[in-house]
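This is what each chain is made of:
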Amino acid sequence: MRQAFTFFTFIIILLLPSFVFSQTNDSIPVVKYGDPKDYEIGGIKVVGANFSDDNAIIAIAGLKVGDKIRIPGEDIFKAIKALWKLRLFTDIQIFQEKTIGDVIFLEVVVEERPRLSRHSFKGVKKSQHDDLNDEVNKYLLKGGIVTENVKTNAINAIKGYYKEKGFLDVHVIATEVPDEKMVNSVRIEFDVDKKDRVKIQNIEFVGNENVKRRKLLKKMESTHKKSKLFSKSKLIREDFEADLDLVIAYYNTIGFRDARIINDSVWREEDGDLRLKINLYEGNRYFFRDISWKGNSIYKSETLSQVLGIERGDVYNQELLETRLSFSMDGRDVSTLYMDNGYLFFQVDPIETSIVDDSIDLEIRIFEGPQATIDRVVIKGNDRTHEHVIRRELRTKPGQKFSRSDIIRSQREIINLGYFNPEALGINTPVNPQRGTVDIEYTVEEKPSDQLELSAGWAGAGRGVIGTLGVSFNNFSLRNIFNKESWSPLPQGDGQRLSLRAQTNGKFYQSYNLSFTEPWLGGKKPNSFTFSGFYNKFAFGEKEFSNYQKFEIYGGSVTLGTRLKFPDDNFISQTTLTLQTLSLQNWSRGLFITDEGVVVTDGNYYNFNVKQTITRSTINDPLFPKSGSRFTLSMQLTPPYSQFEDKDYSDLPVQEKFKFLEYHKWRFTAEWYTQVFGKFVLKVGAKIGMIGDYNPDIGISPFERFQLGGDGFANQQFGGYTGVDLISLRGYNVEDIAANSYRGSVVATPLFNKYTMELRYPVSLNPSSTIYVLTFLEGGNAYRSFRDYDPFDVYRVAGAGLRVFLPMFGTLGFDYGLGFDKPKFPNNNVFQNYGRFSIILGFEPE
């Protein structure tokens, strides 16, 4: 039998040195612990290590063949202690296998801890498994050692997950179950009982004499009492501490610079809910008194005070002071004033020099430093878009003085290209103080920008299905069209736009469109060039019969655009020259009507016009704008043909009177975007359009009018490119607008206006799928004449919607609106009679 030495054996050795460990076999000598003996290790064997390396175990034990060892002695004790520290084994023993003279052969026998094969959850929703796996996998390793410490860490991670959701009483048990499929392996079952969510019954403030409790509660972003609408009531200590900081920050903005939290208390009620009590000290309210400047040589103190915008007697506001000195979203701050002039090393430090009663004097100390010059401008990450396409949009050029406003504007222009992920755009400015230079590095992440439109829609009885196939290549490269290596699937990277679209159902409807845009004609200045062509045909009946109806419109246009420098470079001018031919044969489908009420049914009409558009845009992201505005004013004019001829147009037939269309048409659109709270963005918009005549004997053209109502673009399957501007009004069909109906037919009107307010919330701003939900209020109306115009007489609607932007398909979504001013219905089903769904496919309607 082998002689065993264990940890406990050596404890006995120390207590009983005369203890004798003997073997029952008489052939093996008796080991007397009171008479230790030195041996030379002749060999070491490890038994029971299935997952651990034998040589590693021997090395950690500190035993080596050839070493001298005393038995009994401390060497074996130290070896066992070293192996215990690994926490890999449940039992460790060292045996004397045999001895040959003074040479001893040892056997290290270990029993390894079980290894983890897998884990599972009990009492947990399947939807939470992935989240819990992310938490416990920080501590559980498949094939790793299972220890009490590992299980405790995993349990605490699960508890932490549920406590962040307000389940403060969550209970978790981890059970090891032997895995029959694997040797020395266990699976861990986590039994989770999350219990009820612990809510906050009440939040009490003590010491708030100048601010109402309701106001303070609104400043707490994460900690809410359970009666608060749309908010989950829960207590997360880290969030609670952050909310207390927000309360004090608010006090600081209204002059209470000494405000602080004295203490807070949290206790449970009998029903398990929480009560919070916050003791605070408001202190005195302070005001700005004298503000002086020191160290400024570039700008006068009067100029700096004007930018600062804080007057003597204003309530002391530390946040406002820091914003006006360092960084303001509207660019109104002293730091921007200096940095836009190259003073990158500028520093400002406000010092309180005197506090008298409730008044504070400030001395604002400035270190202007030298001006910094831009050395290199580096662009990274553009693996598809050619560098010159990005570089030409930048306001930062090598050799220029550093300007923070130019960097912000460059960032906006890169995002507005639509080729890059706005969330991943990075800007770095490494500085070389010795040379007084700065490099500017723009890091971009390409995103898909091309779009594919493939759809089919039911056109109604007798018309069948209309199929649509369209492609838009938004980063096209015409110069590489003969370079096969650049095709992916078409040549790309030069920022040009190529769009092809076809719609047809055979005989009834056909539509073909082509457009190409070069945004930088000549490559040196932002002068854009666009040409487009289209053909549309509508037909009813058979050609052989007298009731055959046909309407065709075809034409082309050329557009030149340029970026203006006055009043500022946010203005864009576009001039479009368009030539169209409209041909009607026995057309009785409405739409076109003269001022005298004559419906245009036959004839060929020619529309040659020039359209001038001025746009000012400060939108920061075209897909989901969070700030900025866009104003567009357009003027569309035809030559006044009637002024060149001496004719009496009052008695001419329609075909001759309107053969060459003459009109002047005006459109104005305004949109504002602002981030109101959290991630919510408010959009406010207004539109108005009107068309007039040159000659009252001719009247307003029956073409180029406006049609308000419906989806605004769904009708384009039957009315698009037909000389009518289609304007959506959610919640209403076209025929619901009184001015759109004439003798049972749907017609267009010469005047409309529309107002929109949307509250948007982003669900995902991932460039592969931008998703947001919205609620809206909208109002609009159409008018037969200018005498009927009343900007406050509108059809009102409220509703909600969803938008999903997919790079390959454009904008998809829907709106549901309840129209408040629809005609009365015999039954009271509000949603059936007054509600209407609007579908968005491919692009956002007007």
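Residues numbered from 1 in each chain as written. Predicted model: local features only at pLDDT ≥ 70, side-chain atom pairs only at ≥ 80, totals over all residues. Heavy atoms only, no water.

Engineer: Hey, could you run me through the overall build of the chain in this one?
Structural biologist: Looking only at helices and strands, the chain features 15 helices and 40 strands. For the chain, whose C-alpha radius of gyration is 40 Å, the value lies well above the compact-globule estimate of 28 Å for 846 residues. Judged by the C-alpha coordinates and their principal axes, the chain covers about 140 × 85 × 65 Å. Here the chain, with 846 residues, has 45% of them falling under the buried criterion. Taking the intrachain contacts of the chain between residues at least 6 apart in sequence as the baseline, contacts between residues at least 24 apart amount to 60%. Of the roughly 43600 Å² of accessible surface on the chain, 53% is carried by carbon and sulfur atoms. Taken as two groups, the 106 positive and 108 negative side-chain charges of the chain have centres that lie 2 Å from each other. (Helix = DSSP H or I, 4+ residues; strand = E, 2+ residues; numbered from the N terminus. Rg over C-alpha atoms; globule rule 2.2 N^0.38 Å. Buried < 20%, exposed > 50% of the residue type's maximum accessible area, 1.4 Å probe, protein only. Contact = heavy atoms within 4.5 Å. Areas by Shrake-Rupley, 256 points an atom, 1.4 Å probe, with all protein chains shown as cover. Lys, Arg positive; Asp, Glu negative; His and termini not counted. Charge placed at Lys NZ, Arg CZ, Asp CG, Glu CD.)

Engineer: Mind showing me how you'd approach the sheet that holds strand E11 (residues 200-206) here?
Structural biologist: Pairing between the strands of a sheet comes from backbone hydrogen bonds, and it takes one of two forms, parallel or antiparallel. Strand order in the open sheet formed by 3 strands is E11-E13-E12, and the pairing between neighbours is mixed. Either end of the sheet is taken by a strand with one partner, and the two such strands are E11 and strand E12 (260-268). Between one strand axis and the next, the sheet turns by 15° as a mean value, whatever way the strands run. Bridge analysis of E12 against strand E13 (residues 274-281) gives 8 bridges, and the strand direction is antiparallel. The residue bridging Arg 260 from the neighbouring strand is Tyr 281, located in E13. (Pairing = 2+ DSSP bridges. Axes fitted to C-alpha atoms, helices over the stretch in contact; angles between N-to-C directions.)

Engineer: What is the right way to look at the pairing of strand E10 (residues 185-193) in this model?
Structural biologist: As a general feature of sheets, a regular strand has side chains that alternate between the two faces. Where strand E8 (residues 115-122) lies against E10, 7 bridges are found, and the strand directions are parallel. When the sheet's bridge partners are listed, His 119 is paired in E10 with Ile 188. The antiparallel pairing of strand E9 (residues 171-178) with E10 creates a hairpin that spans 6 residues between the two strands, and Asn 184 there sits at a positive phi of about 50°.

Engineer: How should I be thinking about the packing of aromatic side chains in this particular structure?
Structural biologist: Centre-to-centre distance and the angle between the planes together describe a pair of aromatic rings. According to the stated counting rule, one finds 34 aromatic pairs in the structure shown. One aromatic cluster is present, formed by Phe 508, Tyr 509, Phe 538, Phe 540, Phe 551, Trp 587, Phe 592, Tyr 605 and Phe 703 through successive ring pairs. Looking at Lys 98, its charged tip hangs above the ring of Phe 105, at a distance of 5.0 Å from the centre. Across the ring face of Tyr 286, the terminal group of Arg 257 is positioned such that the distance to the ring centre comes to 5.5 Å. (Phe/Tyr/Trp six-rings, centres within 6.5 Å; stacked < 30°, edge-to-face > 60°. Lys NZ or Arg CZ within 6 Å of the ring centre and 35° of its normal.)

Engineer: Teacher, can you tell me more about the sheet that holds E10 here?
Structural biologist: Ordered by their spatial adjacency, 3 strands build an open sheet running E8-E10-E9, and the pairing between neighbours is mixed. Edge positions in the sheet fall to E8 and E9, since each of these pairs with one other strand and no more. Between one strand and the next, the sheet's axes are offset by a mean angle of 20°, whatever the strand orientation. Relative to the sheet, helix H5 (residues 148-163) contacts E8, E9 and E10, its axis offset from that of E9 by approximately 140°.

Engineer: What should I look at first to understand the nonpolar core in this one?
Structural biologist: Nonpolar side chains in soluble globular proteins tend to be buried together. Grouped together as the largest cluster of nonpolar side chains are 44 residues, with contacts concentrated most on Phe 551, Leu 584, Phe 592, Tyr 605 and Phe 703. At the level of elements, strand E25 (527-540), strand E26 (549-563), strand E27 (571-585), strand E31 (680-692), strand E32 (705-708), strand E33 (724-727), strand E37 (769-783) and strand E38 (795-806) are the ones that each hand at least two residues to this core. When residues in this core are grouped by element, the largest group, 4 residues, is from E37. (Core = buried A, V, L, I, M, F, W, Y, C linked by side-chain atoms within 4.5 Å.)

Engineer: Can you help me understand the confidence of the model for the chain in this one?
Structural biologist: Detailed conclusions should not be drawn from predicted coordinates in areas where pLDDT is low. This prediction gives the chain a mean pLDDT of 86; 91% of its residues lie at or above 70. Contacts of residues 1-31 to residues separated by more than four positions or lying in other chains number 52 contacts, the stretch itself having pLDDT below 50. Contacts of residues 714-720 to residues separated by more than four positions or lying in other chains number 22 contacts, the stretch itself having pLDDT below 50. (pLDDT = per-residue confidence, 0-100.)

Engineer: Could you clarify how one ought to interpret the packing of helix H4 (residues 129-136) against H5 in this entry?
Structural biologist: For any two helices packed against each other, one specifies the crossing angle of their axes together with the interaxial distance. Relative orientation of the contacting elements H4 and H5 amounts to 135°, with a least axis distance of 9 Å. The angle between H4 and H5 falls in the class oblique. The interaxial crossing formed by H4 with H5 has right-handed handedness. Within the contact between the two elements, H4 uses Asp 131, Leu 132, Glu 135 and Val 136 and H5 uses Ala 154, Ala 157, Ile 158, Tyr 161 and Tyr 162. When the residues that make up the contact of H4 with H5 are grouped by side-chain class, the tally is 7 nonpolar, no polar and 2 charged. (Parallel < 35°, antiparallel > 145°, perpendicular 65-115°, else oblique. Left-handed = near helix turned anticlockwise from the far one by under 90°. Nonpolar A, V, L, I, M, F, W, Y, C, P; charged D, E, K, R; others polar.)

Engineer: I'm lost on the pairing of E9 in this one. Help?
Structural biologist: Pairing geometry for E9 and E10, over 8 bridges, is antiparallel. Counted as the bridge partner of His 171 is Asp 193 from E10.

Engineer: Explain unusual backbone geometry here, please?
Structural biologist: Across the chain, the bulk of peptide bonds are trans and the bulk of non-glycine residues have phi less than zero. Cis geometry marks the peptide bond from Phe 566 to Pro 567, where omega comes out at 0°. Checked against the element boundaries, Pro 567 lands in the loop between E26 and E27. Despite not being glycine, Asp 357 shows a phi value in the positive range, around 55°. Along the chain, Asp 357 falls in the loop between strand E15 (347-356) and strand E16 (359-367). Exposure remark for Asp 357: the relative accessible area of 69% places this residue in the exposed category. The backbone phi angle of Glu 704 is positive, close to 65°, even though this residue is not glycine. One can find Glu 704 in the loop between E31 and E32.

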